[in-house]
Amino acid sequence: LFFHILGVVLLGASFGYGILFSVLPKYPRSASALIAGMRKVDRVLINPAMILLLVAGIVVLATSGSVWKGSQFFVVWGFIAIIALFGVQHGFFAPQMAKLQEIADRDLAAGDTLSAEFDTTSQKIAQVGAATGLLVVVTIFIMAYKPFL
């Protein structure tokens, strides 16, 4: 259970991304470094945390005896949520952040401002990030309170 909860705590790092993005209008020259840092956090913290969360959850379920069953709502919800998070992380965030880094590098090579394309892409990332954050918060609630037991 400790490792399962640790995985959730480590995912919390991604909640700070919105705050980091909020400083870019004031410091546009830092965009490339900031995005590179977020991409590294994804690779070395977020992705391993999701794997830890999934594996530890399976271990908790397998060793719980008859306490929890795989058909219970909170267990099914947890599996659906982590699968969705893997999909969004690798199917949306990773490629969009790579694209955003390329746009920032291109924009900053041409001057000191970020383009409308950068703004549009970062807004799309922010919108999906908010929805993903909501999924994580709802999942934590369901896993903690098990409202349908």
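Residues numbered from 1 in each chain as written. Predicted model: local features only at pLDDT ≥ 70, side-chain atom pairs only at ≥ 80, totals over all residues. Heavy atoms only, no water.

Caption draft 1: Summary view of the packing of aromatic side chains. Counting across every chain of the model gives four aromatic pairs. With a centroid separation of 6.0 Å and 80° between ring planes, the pair formed by Trp68 and Phe74 is classed as edge-to-face. For Phe74, a relative accessible area of 6% translates into the label buried. Judged by centre distance (5.1 Å) and plane angle (35°), the rings of Phe141 and Tyr145 are tilted. (Phe/Tyr/Trp six-rings, centres within 6.5 Å; stacked < 30°, edge-to-face > 60°. Buried < 20%, exposed > 50% of the residue type's maximum accessible area, 1.4 Å probe, protein only.)

Caption draft 2: Up close: the nonpolar core. Ranked by size, the top nonpolar core spans 25 residues in total, and within it Ala31, Ile35, Met38, Met97, Leu100 and Phe118 carry the most contacts. Among the elements of the structure, helix 2 (17-22), helix 3 (31-63), helix 4 (73-110) and helix 5 (116-145) are those that each provide at least two residues to this core. At nine residues, helix 4 tops the list of elements feeding residues into this core. Those residues in contact with Phe118 that sit more than four places away from it in its chain are Leu24, Ala31, Ile35, Leu100, Ile103, Ala104 and Asp107. (Core = buried A, V, L, I, M, F, W, Y, C linked by side-chain atoms within 4.5 Å. Helix = DSSP H or I, 4+ residues; strand = E, 2+ residues; numbered from the N terminus. Contact = heavy atoms within 4.5 Å.)

Caption draft 3: Representation of the side chain of Thr139 in the model. Residue position: Thr139 is located in helix 5. Taking relative accessible area as the criterion, Thr139 reaches 13% and is therefore assigned buried. A distance of 2.8 Å separates the side chain of Thr139 from the side chain of Trp77, its partner in a polar contact. (Polar contact = N/O pair within 3.5 Å; in protein donor to acceptor, adjacent residues only side chain to side chain.)

Caption draft 4: Quick look at the environment of Ile46. Here Ile46 lies in helix 3. Ile46 gets classed as buried once you look at its relative accessible area, which sits at 4%. Sequence-wise, Ile46 and Gly7 are 39 residues apart; in three dimensions their C-alpha atoms are separated by 8.6 Å. Excluding residues that lie within four positions of it along the chain, Ile46 makes contacts with Leu10, Leu11, Ala13, Ser14, Tyr17, Val41 and Gln89.

Caption draft 5: Geometry of the pattern of salt bridges. Summed over the entire model, instances satisfying the criterion amount to three salt bridges. Across the salt bridge formed by Glu117 and Arg106, the nearest N and O atoms sit 2.8 Å from each other. Residue Glu117 is found in helix 5, and its partner Arg106 is found in helix 4; the two are separated by eleven residues along the sequence. For Arg106, a relative accessible area of 42% corresponds to the partly exposed category. Each of Arg106, Asp107 and Glu117 takes part in a single network of salt bridges with overlapping partners. (Salt bridge = Lys/Arg side-chain N within 4 Å of Asp/Glu carboxyl O.)

Note that all results are geometric; they support no functional claim without further evidence.
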